[in-house]
Amino acid sequence: MTQDELKKAAAEAALDFVIDGSIVGVGTGSTANFFIDGLGRMKDRIRGAVASSEASAQRLAAHGIALFDLNDVTELPVYVDGADEIDASLAMIKGGGGALTREKIVAAVADRFVCICDTSKQVDVLGRFPLPVEVIPMARAQVARALAKLGGRPVLRTGFTTDNGNVILDVHDLKITDPVRLEDEINQIVGVVTNGLFARRGADTLLLATASGVQRIDAL
């Protein structure tokens, strides 16, 4: 199977977690796009969706799916999104597409976070994928110095601005053995909006696409 076929298989499996009559939280990225396309086939069974990015909102709207502002939603049974890396505890690095802040906000509201990905995203230790950190533009240099003191090598994502109007520093050369601690430590740096570690609120369920089928792994 190609990687796109694996991504689609995981996304299709996530449709089983959608509750009829509910509003669905939807992530961002290539795997989430397959989920959005699947959601389009069952749009008459749901009230609508909350999108974690402008790109996902546009794709949902193109399928005729009603969009809700998260501030107007009191209940979100499930949030479905991919990951750039995920470990055995279902902690993740996310934000390769630059939507980490909104993804983290929607995930915080959802009752269940379903992560959809293929086996290439599964790692023993997080950090091979550069950790995205969303930063207020005027704080970029001082945040970069603070991240360097933590042992990382921050690189500005050139030519990119988040949906929130901020910049992203991608932090290379990290070996993240305690993702909860590092998530908290980076978020305490003045000027950081948030970082791409999803450890305090990791996935509840991982749907991992393999050549032999989609495996379901639930958080302990």
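Okay, so let's go over this structure. (Residues numbered from 1 in each chain as written. Predicted model: local features only at pLDDT ≥ 70, side-chain atom pairs only at ≥ 80, totals over all residues. Heavy atoms only, no water.)

**Examining the environment of Ile65**
- With respect to the helices and strands, Ile65 occurs in the loop between helix H3 (54-62) and strand S3 (78-81).
- Judged by its relative accessible area of 5%, Ile65 falls in the buried class.
- When the C-alpha positions of Ile65 and Ala144 are compared, they lie 40 Å apart, and in sequence the two are 79 residues distant.
- Each residue touching Ile65, except ones within four places of it in the same chain, is listed here: Ile36, Leu39, Gly40, Lys43, Ile46, Gly48, Ala49 and Leu60. (Helix = DSSP H or I, 4+ residues; strand = E, 2+ residues; numbered from the N terminus. Buried < 20%, exposed > 50% of the residue type's maximum accessible area, 1.4 Å probe, protein only. Contact = heavy atoms within 4.5 Å.)

**A word on the pattern of salt bridges**
- Counted under the stated rule, the structure contains 15 salt bridges.
- For the salt bridge of Arg153 with Asp173, the shortest nitrogen-to-oxygen distance reads 3.0 Å. Residue Arg153 is found in strand S8 (residues 153-156), and its partner Asp173 is found in the loop between strand S9 (167-172) and helix H6 (179-187); the two are separated by 20 residues along the sequence.
- Since its relative accessible area comes to 42%, Arg153 is described here as partly exposed. (Salt bridge = Lys/Arg side-chain N within 4 Å of Asp/Glu carboxyl O.)

**Let's talk about a nonpolar patch on the surface**
- On the surface, Ile136, Met138 and Val193 cluster together to form a nonpolar patch covering roughly 310 Å² of accessible area.
- Topologically, Met138 is positioned in the loop between strand S7 (131-135) and helix H5 (140-149). (Patch = residues over 30% accessible without salt bridge, like charges linked within 9 Å, V, L, I, M, F, W, Y side chains within 5 Å. Areas by Shrake-Rupley, 256 points an atom, 1.4 Å probe, with all protein chains shown as cover.)

**Considerations on the packing of aromatic side chains**
- As enumerated under the stated definition, the model contains one aromatic pair in all.
- Directly above the aromatic system of Phe160 lies the positively charged group of Arg157, at a separation of 5.3 Å from the ring centroid. (Phe/Tyr/Trp six-rings, centres within 6.5 Å; stacked < 30°, edge-to-face > 60°. Lys NZ or Arg CZ within 6 Å of the ring centre and 35° of its normal.)

**A closer look at helix H1 (residues 3-14)**
- End to end, H1 covers 17 Å across 12 residues, agreeing with the expected 16 Å (1.5 Å per residue, within 8%).
- The complete set of buried residues in H1 reads Leu6, Lys7, Ala10, Ala11, Ala13 and Ala14. When H1 is viewed along its axis, its buried side chains cluster within an angular range of 160 degrees and face the same direction.
- Elements that come into contact with the buried residues of H1 comprise helix H2 (30-41), S3, strand S6 (112-118), strand S12 (205-210) and strand S13 (213-218). (Expected span 1.5 Å × (residues − 1). Arc of directions from axis to C-beta.)

**Focus: the sheet that holds strand S2 (residues 48-51)**
- In spatial order, the strands read S2-S1-S3-S6-S12-S13; together these six strands make up an open sheet with mixed pairing. The open sheet terminates on both sides in strands that have one partner only, identified here as S2 and S13. Between one strand axis and the next, the sheet turns through 25 degrees on average, direction left out of account.
- Across five bridges, S6 lies against S12 in parallel orientation. Bridge pairing links Val114 to Thr205 in S12.
- Here H1 sits on the sheet in contact with S3, S6, S12 and S13, set at roughly 160 degrees to S6. (Pairing = 2+ DSSP bridges. Axes fitted to C-alpha atoms, helices over the stretch in contact; angles between N-to-C directions.)

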